[in-house]
Amino acid sequence: MCEPGFTETVVYLCREACEELWGGVLKELVVERGERGAGPLVIRPDSGDPATVVVKVLETLGDKFGTTLNSKGYKVLPDYLRVIQVCARCQSVCVWSL
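Because the structure is a prediction, the values reported are computed rather than measured.

1. Looking at the packing of aromatic side chains
Scanning the model with the defined rule gives 1 aromatic pair in all. Ring centres of Phe65 and Tyr80 lie 6.1 Å apart, and the angle between their planes is 75°; this geometry places the pair in the edge-to-face category. Of the two residues, Phe65 is situated in helix 3 (residues 50–65) and Tyr80 in the loop between strand 4 (75–76) and strand 5 (81–87); the sequence distance between them amounts to 15 residues. Taking the relative accessible area as the measure of exposure, Tyr80 reaches 16% and is therefore buried. Over the face of the ring belonging to Phe65 we find Lys27, whose NZ or CZ atom lies 5.6 Å from the ring centre.

2. Observations regarding the environment of Glu32
With respect to the helices and strands, Glu32 occurs in helix 2 (residues 27–35). Taking the C-alpha atoms as reference points, Glu32 and Tyr80, separated by 48 residues in sequence, lie 9.4 Å from one another.

3. Observations concerning the pattern of salt bridges
Applying the stated criterion to the full structure yields 3 salt bridges. A salt bridge links Glu19 to Arg15, with the nearest nitrogen and oxygen atoms 3.5 Å apart. On the criterion of helical spacing, the pair formed by Glu19 and Arg15 is a turn pair, its members being 4 residues apart in helix 1 (residues 11–25). Among the residues examined, Glu19 registers a relative accessible area of 31% and is labelled partly exposed. Judged by relative accessible area, which is 36%, Arg15 ranks as partly exposed. One salt bridge in this structure joins Arg36 and Glu32, with 2.6 Å as the shortest N-O distance.

4. So, helix 2
Residues of helix 2 that are buried include every one of Val30, Val31 and Arg33, and no others. Looking straight down helix 2, one finds its buried side chains confined to an arc of 160°; they lie on one side. Among the exposed residues of helix 2, those oriented more than 90 degrees off its buried face are Glu28 and Glu35. Note on helix 2: the residue one or two positions beyond its end, Gly37, has a positive phi of about 70°.

5. A closer look at the nonpolar core
Here is a general trend for soluble globular proteins: nonpolar side chains tend to be buried in one another's company. Formed by 18 residues in total, the largest nonpolar core has its most connected members in Val30, Ile43, Val57, Leu61, Phe65 and Leu81. At 6 residues, the largest contribution of residues to this core is made by helix 3. In this structure Leu81 touches Val30, Pro40, Leu41 and Phe65, once residues within four positions along its chain are discounted.

6. Structural notes on the environment of Val54
Its location among the elements puts Val54 in helix 3. Given a relative accessible area of 3%, Val54 falls into the buried group. Separated by 31 residues in sequence, Val54 and Gln85 have C-alpha atoms that sit 7.4 Å apart.

Calculation notes
Residues numbered from 1 in each chain as written. Predicted model: local features only at pLDDT ≥ 70, side-chain atom pairs only at ≥ 80, totals over all residues. Heavy atoms only, no water. Phe/Tyr/Trp six-rings, centres within 6.5 Å; stacked < 30°, edge-to-face > 60°. Helix = DSSP H or I, 4+ residues; strand = E, 2+ residues; numbered from the N terminus. Buried < 20%, exposed > 50% of the residue type's maximum accessible area, 1.4 Å probe, protein only. Lys NZ or Arg CZ within 6 Å of the ring centre and 35° of its normal. Salt bridge = Lys/Arg side-chain N within 4 Å of Asp/Glu carboxyl O. Arc of directions from axis to C-beta. Core = buried A, V, L, I, M, F, W, Y, C linked by side-chain atoms within 4.5 Å. Contact = heavy atoms within 4.5 Å.

Okay, structure coming up:
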C-alpha cells in the first residue's frame, strides 16, 4: 500500500467497504499504519448525496475505530482516518474527521 493511504470507494459499496474491509479485514493494518505515523487513510465516496453518504461513512468508521471528543464536544475519528468529499458542482473539497 502506498503511503499516505488513499482510496476511492464506489458509493453503493462505501459503507460495506468501511465496515467489512477497512474496519474489518484490514483494520489491524490501518491502525498499525497510523500508530507508526505512516499518514492517514483517506476514504472518498465517489458519488451520492454528501449529506447522507458522508454521515453514514463517518458513523460507520466511528463504530469500527472509535472516536474521541474534542474540546467543543464534537466526535473526532483517530488521526489515521479521514473522509473527503468532492463537490463537482461547486468544485470544492471538504475533509471530515467526524
